[in-house]
Amino acid sequence: MREPHRSEPHGARGRAPAARGLKIRGLQVRYGEFVVVQDVSLTVAPGEIVALLGPNGAGKTTTLRAVHGIIPPVDGEITYEGRALHGMPTHERVALGLGLVPEGRELFPGMTVEENLELGHVPGRGPALADSLADVYRLFPLLRERRRQQAGTLSGGEQQMLAIGRALMAAPTLLMLDEPSLGLAPRIVDLLYDTLRLLGERGLALLIVEQYVHEALALAARGYVLESGRIVLHGPSAQLREHPNLQQTYLSV
Amino acid sequence: MTLPLFLELLVGGLVVGGLYALMAFSFSLILATTHVLNVAHGVFMVLGAAASTLLVRHLGLGVVPAFGLVAAGFLLVGMIFEAVLLKPMAGRASGEVLVSSILVTFGLALALEAMLGFYWARHVEPQPIFALHPRISSFALGDVVVSGPRATVLGIVAVVVGVLHLLLTRTRIGKEARAVAQNLAGALVIGLNPRRVSRAVLTIGIAAAALSGGLFVMAIPLNPFEGLRLTMIAFTVSAAGGVGNLPGALAAGIALGLAEVFTGFWAGPIWSPMMSLLVLFAVLLLRPAAILTGQGR
């Protein structure tokens, strides 16, 4: 099932539809001599929800980190909204509309929930600070209750909500999430995915990295399966879900 | 020991301790946010002391306007310091920044000390001593006479510490600095610009060092070659209080100041400097990891 997926997304408008959204072509990333991402090409159209699946060590996290400018790729091209991202520091990518909820959440443990959120806001971008805060608190009422609490004292699920809320404060147009369900109870995962669905309905594009495929494929329109640094499978979610032995063959969960 | 004597020693210890806290805090804030271990920190203090002495004693300015000028001038020096010496290290791994900053600032410290000593001896006084003796009248609190200059030093230290606290907890750039100190990876992910933060912290940190030098010589005179000793004290207090921790630096600085003053009274002044070495020894013994990161093992 390696059918090429060349059809341009429906959401694209304007004179250069090919330039909209995120485009990755021939991405290669190494840590020293060790090639982690061999050859990854993928697209996320504006407002689209895409899942990036694969077993541990397939290069999913590394792909997201390269898109966000945390590690430099050795080869390949990444563009967002028509801008080539090569050599651009992360803070400029955030100003362009990219957001990342990283593996391990990377909160500021000794600062309050509200301070963590405030730091996510980019002055001059998106709504004013107070409006952004009110919006995040509407999405996650629990965070409002805990807003004077230190981030380090939150439970795992609350920390994940805070990490997502902090990324939303920068008013991203594409939010990348690195294993948002990792280590969380099933009930919390459902809650989290409800929120992600809501964000998708508002028009926010999502690129979700997951090892556990069910929730991700239920939400995403399309999916890519990554193995040993290459895309081995790619198609609409419905097709991927019906793929015989998807789990056993590619994901080895 | 009589009560008035005890209180006088207490005030003396508080003055010295407040000064230690101030210089240690700017040192440790720089270390925590930028991973620059500024060996020249004490030398910037001595430079601030020299500049204050020049302004007050030789140009006849009042102490407070002189300190204002010194702080403003050294904001500029801090900016240049950051741009010339530290910009090339931006974006390197924190361990690399730490090691190269030690080498660069150690060289800078030696060069600045030699230049200052030479300039002063040649053009100002043959025996360089930096000291301020402003005529601020003393006042009595019950049986205790509090010296005016000392009370002024305490007051200014309290104001500066308060301003630093507000900067760190109330302003955007201060919160960014704390975020960078707590979790650099998290700060990068959400799009904070680490260069903007390190520029601000180094600029303000160098100005605070120079100002604490000016305040220092209102209580204790300095000569041009005491900078590295002061850096050592700043390093010790910052390690004991927790790197990047303002309340910690305040507590450790005041404790060390009191310990020095009381040791000096009971055992003789030559034993006072041993106190900071004892503290450093204890920190190295009990929480060796804390000297650079603020976290214990």
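Procedures and definitions
Residues numbered from 1 in each chain as written. Chains lettered and ligands numbered in written order. Predicted model: local features only at pLDDT ≥ 70, side-chain atom pairs only at ≥ 80, totals over all residues. Heavy atoms only, no water. Core = buried A, V, L, I, M, F, W, Y, C linked by side-chain atoms within 4.5 Å. Buried < 20%, exposed > 50% of the residue type's maximum accessible area, 1.4 Å probe, protein only. Helix = DSSP H or I, 4+ residues; strand = E, 2+ residues; numbered from the N terminus. Domains from an automatic or database assignment. Contact = heavy atoms within 4.5 Å. Buried area = accessible area lost by both parts, 1.4 Å probe. Salt bridge = Lys/Arg side-chain N within 4 Å of Asp/Glu carboxyl O. pLDDT = per-residue confidence, 0-100.

Take the nonpolar core next. By size, the foremost hydrophobic cluster in this structure holds 119 residues, and its most contacted members are Leu22(A), Leu42(A), Leu174(A), Leu207(A) and Phe44(B). Top contributing element to this core by residue count: helix H1 (residues 3-34) of chain B, with 14 residues. Each of domain 1 (19-97 + 172-251) and domain 2 (107-171) of chain A contributes no fewer than three residues to this core. Each residue touching Phe44(B), except ones within four places of it in the same chain, is listed here: Asn38(B), Phe74(B), Val77(B), Phe81(B), Leu108(B), Leu112(B), Ile206(B), Ala209(B) and Ala210(B).

Once that is clear, we can look at the domain arrangement of chain A. Residues and elements named next belong to chain A. We note that the domain assignment places domain 1 (19-97 + 172-251) and domain 2 (107-171) within chain A. Placing the centre of domain 1 and that of domain 2 at their C-alpha centroids yields a distance of 23 Å. For the pair domain 1 and domain 2, the summed buried surface comes to about 1,200 Å²; carbon and sulfur atoms form 75% of the total. Viewed at the interface, domain 2 and domain 1 are joined by 1 salt bridge.

A low pLDDT means the predicted coordinates there should not be read in detail. Residues and elements named next belong to chain B. Per-chain confidence: chain B averages 91 in pLDDT, with 98% of residues scoring 70 or above. Per-element mean pLDDT across chain B ranges from 72 in helix H12 (residues 290-293) up to 96 in helix H2 (residues 41-58). Among the prediction metrics, the complex's ipTM stands at 0.87, with pTM recorded as 0.88.

Moving on to unusual backbone geometry. Backbone geometry places Glu81(A), a non-glycine residue, at a positive phi of 50°. Take Glu81(A): it is sitting in the loop between strand E4 (75-80) and strand E5 (83-84). The backbone of His35(B) sits at a positive phi, close to 60°, despite the residue not being glycine. Along the chain, the position of His35(B) falls in the loop between H1 and H2. The exposure class assigned to His35(B) is partly exposed, which follows from its relative accessible area of 25%.

Turning to the side chain of Ser52(B), a few remarks are in order. Relative to the helices and strands, Ser52(B) is located in helix H2. Sequence-distant contacts of Ser52(B), that is, excluding residues within four places in its chain, are made with Arg57(B), Phe67(B), Val70(B), Leu132(B) and Gly214(B).

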